[in-house]
Amino acid sequence: MNQRFHSYSRRLLWVGLLLGVALVFWPSRTLRSDNFVFYLPAGAKTIPIETVGHGDYLPLLQVLNLVVHVDGMQASQSSLKVWFGQSDVEVHLGDRKVRVNKAWVPLEAPVRAENGEWLVPLGFMASALPHLTRQPVQYRVGARRVFIGEARPGSFSVRLKPLADGADIMVAFTETVTVKTEAANGRWILYLGGHPIEPLETSYAFQNPFVKTLQFDDQDGVPKLIITPAAEGLNFYPLLAEGGRGLLAEVSKQRTASLANLPPASLPSGPPPPAPQGATAEEIPSVEGVASAPLIILDPGHGGSDPGSHDKNGVLEKDLVLSLATRVRAVLLASGRFRVSLTRSGDSDPTFDRRDTIANVLHASVFLTFHAGDFGAASPRAAVYSFEPPAPSEESSLPGPAGMPRLIPWEYVQVFELDRSRELAGALQQSLAAIPGLSVPKAAAAPARVLRSVGNPAAAVEIGSFAPDLDSAPLSALSFQQQLADAILKGLDAFKKP
Ligand SMILES: [Zn+2]
């Protein structure tokens, strides 16, 4: 783990770079669209927008036919009156108002008649439509979509994280959505289902060599995100996470180990990839144990091409911590009081985000990451850490559009769990310190990157000393690992008690 900790200064720089990127990626202006979308209980319908002068208009009769059952109408050269049920609507050519049930309602532009059609400005949706239907109407002024009778629409925020060989696109939704992917015309299309979506911005442009734009489009009544790559020959690995509240998509030349289990969506040709239907069994590790018990995610650090540290006999940190996590798993399962899932059970190297996603998708109660490090002469020794968040300036710059429910950005969810995580680290420290002969300092905070995006209490357990000039045999001993695992069970029991 020390390697990870010592690289913190580099990670700070990395965070700085991310913030820099956040400054240069900007939401561009709303795209010109030709259709207005009505999200109705029976499904979405579209009506072409008519542009007259500088104003956008909709044909009044087409709108009314979608929303109410029209019983009759009376038209003259200069006015139109429409009846339905107990209600009526009356418009006069050139008026900046419309009469609804004897009351005048203002419009932002005058009523027009073109080619035999009576046209009302889009603001009709905000001022008049709520009086015409008993169903709730959700309309954001200026938008090209209205939600009638539906649950309040959700929204989303977008972040782009540059990688050495690609980019991660992170989309956080305010509601649970389903996603189906398709590759077409050199772009990736993510069809969004499950909840109506009102975008805060419809177009994001990135200054990134791999991803050019992300756009929201529902012109045909089907909400979707369209991602345009900045180069040819890139692969796309989408993963629906957070139980449908988050989408993590990697755009890269090479498939990286982190998302190796996911089907690629190749460009420009090739068959459409299997749709990521949320977290499937292949993507997310299985959970063992009694169904109702709290779920403990055990995260053996490193793995695959990342061995971590090593001892003087060539024992690798990744193998030592996997054996410890496996021992802890056995003890927790034997207790019957916890469910368990491991972020890796073999020699793979999931990314930090992938490890955290596993915990978040599975709705873990506790996340524990295991490392071995150099404590100098003190051995055997263990240390427990909770997450140390980034500088307050970064925390306070979390995006939260005015008037909208604030999203918790993917990168910072652990910030909201710090109190419980400190309790967890404290409970584990106490139980580990009770092992005879084991030195365990007071639990501390450390900027352990793997804890950053975990949305539940999380702690890092480090054992040692483990270093290139030491023999780690005492740490590998079955009896020692059993003692550690028993103590971790005790610590979790203590933490679980209110
Ligand atoms: Zn480590």
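Residues numbered from 1 in each chain as written. Predicted model: local features only at pLDDT ≥ 70, side-chain atom pairs only at ≥ 80, totals over all residues. Heavy atoms only, no water.

1. Focus: the pattern of salt bridges
Counting across every chain of the model gives 16 salt bridges. Note that Arg-145 is salt-bridged to Asp-218, the shortest N-O span being 2.7 Å. One end of the pair, Arg-145, is in strand β14 (residues 145-148); the other, Asp-218, is in the loop between β20 (211-217) and β21 (224-229), with 73 residues separating them in the sequence. Using a relative accessible area of 7% as the deciding quantity, one classes Arg-145 as buried. For Asp-218, a relative accessible area of 2% gives the class buried. Across the pair Arg-329 and Glu-288 runs a salt bridge whose closest N-O atoms are separated by 2.7 Å. Separated by 41 residues along the polypeptide, Arg-329 in helix α6 (residues 317-335) and Glu-288 in the loop between β23 (246-252) and β24 (295-300) bring together distant segments of the chain. You can call Glu-288 partly exposed: its relative accessible area is 28%. One network of salt bridges, in which partners are shared, links Arg-140, Arg-145, Glu-198 and Asp-218. (Salt bridge = Lys/Arg side-chain N within 4 Å of Asp/Glu carboxyl O. Helix = DSSP H or I, 4+ residues; strand = E, 2+ residues; numbered from the N terminus. Buried < 20%, exposed > 50% of the residue type's maximum accessible area, 1.4 Å probe, protein only.)

2. Some thoughts on the environment of Val-37
Within the secondary structure, Val-37 sits in strand β2 (residues 35-40). Considered as a pair, Val-37 and Ile-49 are 12 residues apart in the sequence and their alpha carbons are 9.7 Å apart. When sequence neighbours within four positions are dropped, the list of residues in contact with Val-37 reads Ala-44, Lys-45, Thr-46, Arg-144, Arg-145, Val-146, Asp-218 and Gly-221. (Contact = heavy atoms within 4.5 Å.)

3. Some words on the sheet that holds strand β3 (residues 43-48)
One open sheet holds the four strands; their spatial order is β3-β2-β14-β13, and the pairing between them is mixed. Lying at the two open borders of the sheet, with one neighbouring strand each, are β3 and β13 (137-139). Across the sheet, the axes of successive neighbouring strands diverge by a mean angle of 20°, strand direction being ignored. By the bridge criterion, six bridges tie β2 to β3 in an arrangement that is antiparallel. The partner of Tyr-39 across the bridge, within β3, is Ala-44. In the packing of helix α3 (residues 60-67) onto the sheet, the strands contacted are β2, β3 and β14, and the crossing angle to β3 comes to about 170°. (Pairing = 2+ DSSP bridges. Axes fitted to C-alpha atoms, helices over the stretch in contact; angles between N-to-C directions.)

4. Looking at the packing of aromatic side chains
In the structure shown here, the tally under the stated rule is six aromatic pairs. A ring pair is formed by Phe-36 and Phe-38, whose centres lie 5.1 Å apart and whose planes are at 55°; its orientation type is tilted. For the pair shown, Phe-36 and Phe-38 are each scored as buried. Summarising the aromatic geometry, the rings of Tyr-39 and Phe-147 are spaced 4.7 Å apart at their centres and angled 10° between planes, so their arrangement reads as stacked. Of this pair, Tyr-39 sits in strand β2 while Phe-147 sits in strand β14, and the two are 108 residues apart along the sequence. A relative accessible area of 0% places Phe-147 in the buried class. Chaining the aromatic ring pairs together yields one cluster made of Phe-36, Phe-38 and Tyr-139. Cation over ring: Lys-97 sits above Trp-104, and NZ or CZ is 4.9 Å from the ring centre. (Phe/Tyr/Trp six-rings, centres within 6.5 Å; stacked < 30°, edge-to-face > 60°. Lys NZ or Arg CZ within 6 Å of the ring centre and 35° of its normal.)

5. Here's the deal with the nonpolar core
In terms of nonpolar packing, the biggest core is built from 40 residues, with Leu-298, Leu-332, Leu-368, Phe-370, Leu-432 and Leu-492 touching the most fellow members. Once residues lying within four places of it in the same chain are set aside, the contact partners of Leu-492 are Ile-296, Leu-332, Phe-338, Val-366, Leu-368, Leu-424 and Leu-428. Of all hydrophobic cores here, the second largest spans 33 residues; its members include Phe-38, Leu-64, Leu-107 and Phe-124. (Core = buried A, V, L, I, M, F, W, Y, C linked by side-chain atoms within 4.5 Å.)

6. Some thoughts on unusual backbone geometry
Here the amide bond leading from Gly-464 into Ser-465 is cis, since omega sits at 0°, within 30 degrees of zero. Position of Ser-465 relative to the elements: it lies in the loop between β29 (458-464) and α10 (473-476). Backbone geometry at Asn-185 places phi at a positive 50°, although glycine is not the residue there. The residue Asn-185 is located in the loop between β17 (178-184) and β18 (187-193) in this model. By relative accessible area, Asn-185 is classed as exposed at 71%. Positive phi outside glycine occurs at His-302, with the angle close to 60°. Position of His-302 among the secondary structure elements: in the loop between β24 and α6. Accessibility expressed as a relative area gives 2% for His-302, which makes it buried.

7. Considerations on the sheet that holds strand β11 (residues 112-114)
What the four strands build is an open sheet, ordered β4-β5-β12-β11; its pairing is antiparallel. Unpaired on one side and paired on the other, β4 (50-52) and β11 mark the two borders of the sheet. The sheet shows a mean angle of 45° between the axes of neighbouring strands, taken without regard to direction. Direction of pairing for strand β5 (residues 55-59) relative to strand β12 (residues 117-121): antiparallel, over a ladder of three bridges. Its bridge partner being in β12, Tyr-57 is matched across the sheet by Pro-121. This element, α3, spans β5 and β12 of the sheet and lies at about 55° to β5.

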